[in-house]
Amino acid sequence: MVYKRRYLPSLGAFATFEVAAKHLSFTLAGNELNVTQAAISQQIRGLEKALGTVLFVRKHNSLELTASGQTILAAVSSGLDRLCEAIESLHQPEERPIITCSGTNGAITYWFKPYVDRFRQLHPEARFVLLASDEDDTLRNFDEVDISLICGNERCDVGETLHYVFPEIVEPVCSPEYLRLHGPFTDPASLANAELLTLHPKHWSSEAIGWFPITWNDWFSSRGIEAPDRQPCVVSNNYPLLLDAAVEGQGVVLGWHHLVRPLVASGKLRTLFDAPLRVDRGNYLKVNKSSRDKPGVQEFIDFILADLAQTEQGRLPRP
């Protein structure tokens, strides 16, 4: 026979039984529940009558659980434990969804990650996944990716949202120590004998990232002079590696403003002279359409945009 729920005795009677079974004493159960021993005894008798079985063996000065009592106690204890767990879960803070961001290695390391760190200082419960690649531009289209930093706005699909964040501006920077040992560099022509840290063509290609890079040749050409005809000291397709080399005093690197700004502001890198190259294309935060209403995503975007609004994006700090 399977009991239907509407025929079960009251939950209060089962709770009283559990307390009495714990103490094996109606008197102690009454003390815990702040009722009389007679009230406990009456509730237990009513429960036994409803269940059609004896739950306690009543001795002169003690109680013992019957086999039926032990069976009911195990079920009642388990059920009340699960009920307590469920009630406790109602009062636990809801876990925030993970925010997934994508970009190039440089963008994730030197742009997204500092914003994530500062955002989590204000919102320690926030969780992030940061996906970096200089080879796979399709990361921005993955379903799990909420926000991407992209160059140019021609690749936005219907339903996606773009937020303009900054123009693309580059200029030479180096460490104070390199400048002290090998400077001064007073104009573009003075870099003819400098050690230039250079991105390998494999870093960016139209097939991999979707836009064409700015090179040392482009920068020198914008100044009206030819690039030095000498082998660069370090060439790599990893831009963070080149920035680290510049900070260590190994040479001059072509610095993208949005990536080197914190390093210049902290004094780890220095601008050499006022000769930035600005390219007529912008950088955007792309928000995937499925992420627009995801908790935390717009809050993180607003945090970034508010910070950018207070920052002079057109120039790096000057010594």
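Along each chain, residue indices are assigned from 1 in the same order as the chain's sequence is written. In keeping with the model being predicted, local features are shown solely for residues with a pLDDT of at least 70 and side-chain atom pairs are shown and tallied solely at 80 or more, while totals for entire chains, interfaces and linings include all residues. Side-chain calculation: all heavy atoms of the structure are included, whereas hydrogens and water are not.

**Observations regarding the pairing of strand β4 (residues 127–132)**
- The sheet contact formed by strand β3 (residues 98–103) and β4 spans 6 bridges and is parallel. What sits directly across from C101, in β4, is L130.
- Crossover β3 to β4 through helix α5 (residues 105–122) is right-handed. The pairing criterion for strands is at least two bridges between them, as found by DSSP. Segments assigned H or I by DSSP are reported as helices when at least four residues long, segments assigned E as strands when at least two residues long, and all are numbered from the N terminus. A clockwise path from the first strand over the helix to the second, with the strands pointing away from the viewer, defines a right-handed crossover.

**Here we look at the nonpolar core**
- W111, L191 and F300 are the most contacted members of the largest nonpolar core, which totals 58 residues.
- Sort the elements by how many residues they give to this core and α5 lands first, with 8 residues.
- Whether two residues are in contact is decided by their heavy atoms, any of which lying within 4.5 Å being enough. Look past the residues within four positions of F300 in its chain and what remains in contact with it is I99, C101, F112, Y115, V116, F119, F128 and I147. In this text, buried Ala, Val, Leu, Ile, Met, Phe, Trp, Tyr and Cys residues form a nonpolar core when linked through side-chain atoms within 4.5 Å. Relative accessible area decides the class of each residue, using a 1.4 Å probe on protein chains only: under 20% of the type maximum gives buried, over 50% gives exposed, and in between gives partly exposed.

**Side note on the pattern of salt bridges**
- By salt bridge we mean one thing: a side-chain nitrogen of Lys or Arg within 4 Å of a carboxyl oxygen of Asp or Glu. What the rule picks out here adds up to 7 salt bridges.
- A salt bridge links R58 to E48; its shortest N-O distance comes to 3.0 Å. With R58 in strand β1 (residues 56–58) and E48 in helix α3 (residues 37–51), this residue pair connects regions lying 10 residues apart in the sequence.
- Note on E48: relative accessible area 9%, which makes it buried.
- Residue R118 pairs with D307 through a salt bridge whose shortest N-O separation is 2.7 Å. Here R118 is found in helix α5, whereas its partner D307 is found in helix α10 (residues 297–309), with 189 residues between them in sequence.
- Using a relative accessible area of 16% as the deciding quantity, one classes D307 as buried.

**Structural notes on the side chain of S25**
- Tracing the backbone through its elements, the reader meets S25 in the loop between α1 (11–23) and α2 (26–33).
- For S25, a relative accessible area of 18% translates into the label buried.
- The contacts of S25, once residues within four sequence positions are left out, are A20 and L63.

**Concerning the packing of α1 against helix α4 (residues 67–90)**
- With their axes 10 Å apart at the nearest point, α1 and α4 run at an angle of 115° to one another. In this view, α1 runs roughly perpendicular relative to α4, as classed from their interaxial angle. Crossing angle aside, the handedness with which α1 passes α4 is left-handed. Where α1 abuts α4, its residues F14, A15, F17, E18 and A21 lie against G69, I72, L73, V76, S77 and L80.
- For this classification, Asp, Glu, Lys and Arg are treated as charged, while Ala, Val, Leu, Ile, Met, Phe, Trp, Tyr, Cys and Pro are nonpolar and the rest, including Gly, are polar. Residues belonging to the contact of α1 with α4 are distributed by class as follows: 8 nonpolar, 2 polar and 1 charged. For helices, the axis comes from a line fit to the C-alpha atoms of the stretch in contact; other axes are also lines fit to C-alpha atoms, and the angle between any two N-to-C directions lies between 0 and 180 degrees. Roughly parallel covers angles under 35 degrees, roughly antiparallel covers those over 145, roughly perpendicular covers 65 to 115, and oblique covers all other angles. By the definition used in this description, the sense in which the near helix is turned from the far one sets the handedness, with an anticlockwise turn below a right angle giving left-handed and a clockwise turn giving right-handed.

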